[in-house]
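# Structure assessment
Each chain, letter by letter, is given below.
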Amino acid sequence: MTEKILFFFSALGVFNALVLASYLLLLKRKRSMSDYLLGSLLLFLVIRVSVSCFHYFDAVTTDLIRFGLVANLLIGPSVLFTSQHLMASKNKSVSQFLVHTGLCLLVLLPLWLFVDFATWDWKIRFVIHTGLFVYLVATALRLRMPIKNFITSRPLSSNERKAVIIFLAVSLICVGFAVSLWTNYILGPLNFSVIFYLTIYYFFTHNQADEKRVTQKQVDPSAFTRINDKLQQLMEVEKLYKDPDLSLDLLAGRLAISRHLLSQVLNENLQKNFHLFINEYRVNEACKVLETHQHYSIEAIGHEVGFNSRSSFFAAFKKKVGMTPARYRDQFNQPGTGKSTSPN
């Protein structure tokens, strides 16, 4: 009876994690690269934990064990590049994640096919666990300042907090599996379920607290000046708006403030919401390209300035300029028509 209860709670956490991974990877309407990375991390964790559940009840095959070990290694690059992507929006985290994942599979799949399982049972297991440990150490080094601020209760941006909590949660899950090897194997899956629900609870309560705290106070004028200066630098110098995956969370992370404070700054001081603010920069940039690069296609220009689709580009452009991009370009193709200035 006790075993069935333990299995039930373990399987419940696995099931809910699988639902969340499916939502992030397949069902969410507007998926960002962060969603894909986090969904992949959850999927690999689910596979790893599921194999442990079956292993506890002696219902696992050698191929299933190897499948779990492959997923175990892939947890490493997933947590590293998920955290890295949360820390900075416009980087190469996604491409690096794919390269590292591909290399891991390139090494492990031939071993799966051609190496006897008895060898897997100790030599390759050691390599896999060592590889996972190296990735966790690399993640800790990447997050060393946010982790230090988290431990000392210093302010963290929303994305920094997410990256730290995800890293700590995965680390504790891995520790739980290591401990279960010397105690009871079901403790690994059970530990996963507990940490999974605690992490969800933490994110929910802190997001609510951040929103309530920020909405209860006005932005200090000096703080607004600093935020605005940094915001201008990110937009005009780094041209962060060209990142099609730029979100309120990612921009807040670059500013080292909460998403709610950034939203408040945009709404109360600039009288714009996030999407309007970013789209204005994108449309202004598109106007410049339309005037000077007649050979570029409309779709290519929209993608270049940061729009995800042709329809969103046309809608934002027409809303600000009052005409379609094609019609705007035609003004500069007419003989005798002087070059005008793009709208501010």
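Residues numbered from 1 in each chain as written. Predicted model: local features only at pLDDT ≥ 70, side-chain atom pairs only at ≥ 80, totals over all residues. Heavy atoms only, no water.

Further remarks concern the overall build of the chain. Looking only at helices and strands, one finds 15 helices and 0 strands in the chain. Split into buried and exposed, the 344 residues of the chain put 46% on the buried side. Intrachain contacts of the chain at a sequence separation of at least 6 include 67% that bridge at least 24 residues. For the chain, the computed accessible surface area is about 18500 Å², with 63% contributed by carbon and sulfur atoms. (Helix = DSSP H or I, 4+ residues; strand = E, 2+ residues; numbered from the N terminus. Buried < 20%, exposed > 50% of the residue type's maximum accessible area, 1.4 Å probe, protein only. Contact = heavy atoms within 4.5 Å. Areas by Shrake-Rupley, 256 points an atom, 1.4 Å probe, with all protein chains shown as cover.)

This part is about the confidence of the model for the chain. Scored by pLDDT, the chain has a mean of 83; 88% of the residues are at 70 or more. Contacts of residues 337-344 to residues separated by more than four positions or lying in other chains number 21 contacts, the stretch itself having pLDDT below 50. (pLDDT = per-residue confidence, 0-100.)

As a further point, take the nonpolar core. When a protein is soluble and globular, its nonpolar side chains tend to lie buried together. Counting residues in each nonpolar core, the largest one holds 49 residues, and the members touching the most others are Leu41, Leu45, Ile75, Leu136, Ile166, Val170 and Phe192. Counting residues per element, the ones that place at least two in this core are α1 (2-27), α2 (33-56), α3 (62-87), α4 (93-114), α5 (117-142), α7 (158-180) and α8 (187-215). Of all the elements, α3 adds the most residues to this core, at 11 residues. Not counting residues within four places of it along the chain, the set of residues in contact with Leu41 comprises Ile75, Ser78, Val79, Thr82, Ile166 and Val170. The next biggest cluster of nonpolar side chains, apart from the first, holds 21 residues, and it includes Leu231, Leu250, Val265 and Ile278. (Core = buried A, V, L, I, M, F, W, Y, C linked by side-chain atoms within 4.5 Å.)

Tallied over the full model, the rule gives 8 salt bridges. Residues Asp249 and Lys162 are paired through a salt bridge, measuring 3.1 Å at the closest nitrogen-oxygen approach. Note that Asp249 is positioned in helix α10 (residues 248-255) and Lys162 in helix α7, a separation of 87 residues in sequence. Given the relative accessible area of 17%, Asp249 is considered buried. Glu238 is the partner of Arg254 in a salt bridge, and the nearest nitrogen-oxygen pair spans 2.8 Å. Residue Arg254 is found in helix α10, and its partner Glu238 is found in the loop between α9 (221-237) and α10; the two are separated by 16 residues along the sequence. Each of the salt bridges in this network shares a partner with another, and the network as a whole consists of Lys239, Lys242, Glu285 and Glu304. (Salt bridge = Lys/Arg side-chain N within 4 Å of Asp/Glu carboxyl O.)

Once that is clear, we can look at the packing of aromatic side chains. Taken as a whole and assessed by the stated rule, the structure comprises 10 aromatic pairs. Relative to Phe313, the ring of Phe307 has its centre 5.2 Å away and its plane inclined at 40 degrees; by these criteria the two rings are tilted. When its relative accessible area of 4% is taken as the criterion, Phe307 is described as buried. Consider the rings of Phe313 and Phe317, whose centres lie 5.9 Å apart with planes at 75 degrees: the pair is edge-to-face. Here Phe313 pairs with Phe317, and both are found in helix α14 (residues 310-321), just 4 residues apart, close to one helical turn. Note on Phe317: relative accessible area 0%, which makes it buried. Of the aromatic side chains, those joined through ring pairs into one cluster are Phe307, Phe313, Phe314, Phe317 and Tyr328. The ring of Phe177 has Arg48 lying over it, and the distance from NZ or CZ to the ring centre is 4.1 Å. The ring of Phe307 has Arg282 lying over it, and the distance from NZ or CZ to the ring centre is 5.6 Å. (Phe/Tyr/Trp six-rings, centres within 6.5 Å; stacked < 30°, edge-to-face > 60°. Lys NZ or Arg CZ within 6 Å of the ring centre and 35° of its normal.)

A word on the environment of Gly131. If you trace the backbone, Gly131 turns up in helix α5. Residues Gly131 and Leu74, spaced 57 residues apart in sequence, show a C-alpha to C-alpha distance of 9.2 Å.

At a closest axis distance of 8 Å, the pairing of α10 and helix α11 (residues 259-269) adopts a crossing angle of 95 degrees. Here α11 runs roughly perpendicular to α10, going by the angle between their axes. Residues Leu248, Asp249, Leu251, Ala252 and Leu255 of α10 pack against Arg259, Leu262 and Ser263 of α11. The residue makeup of the contact of α10 with α11, split by class, is 5 nonpolar, 1 polar and 2 charged. (Axes fitted to C-alpha atoms, helices over the stretch in contact; angles between N-to-C directions. Parallel < 35°, antiparallel > 145°, perpendicular 65-115°, else oblique. Nonpolar A, V, L, I, M, F, W, Y, C, P; charged D, E, K, R; others polar.)

Moving on, we come to the side chain of Ser78. Among the secondary structure elements, Ser78 is positioned in helix α3. You can call Ser78 buried: its relative accessible area is 0%. Sequence-distant contacts of Ser78, that is, excluding residues within four places in its chain, are made with Ser40, Leu41, Phe44 and Phe97.

Nonpolar side chains collect at one region of the surface, where Ile5, Phe8, Phe9, Leu12 and Tyr197 lie side by side and expose about 450 Å² of accessible area between them. It is α1 that contributes the most residues to the nonpolar patch, 4 residues altogether. Among the secondary structure elements, Ile5 is positioned in helix α1. (Patch = residues over 30% accessible without salt bridge, like charges linked within 9 Å, V, L, I, M, F, W, Y side chains within 5 Å.)

Attention now moves to α3. Taking 1.5 Å of rise per residue, the 26 residues of α3 would be expected to cover 38 Å, and the 39 Å separating its terminal C-alpha atoms lies within 8% of that figure. By the criterion of burial, α3 is predominantly enclosed, with 22 of the 26 residues buried. (Expected span 1.5 Å × (residues − 1).)

Below, the discussion takes up the packing of helix α6 (residues 144-151) against α7. Taken N-terminus to C-terminus, the directions of α6 and α7 make an angle of 90 degrees; their axes are 10 Å apart at the nearest point. Here α7 runs roughly perpendicular to α6, going by the angle between their axes. Together, Pro146, Ile147 and Phe150 of α6 and Glu160, Val164, Ile165, Phe167 and Leu168 of α7 make up the contact between the two elements. Residues belonging to the contact of α6 with α7 are distributed by class as follows: 7 nonpolar, no polar and 1 charged.

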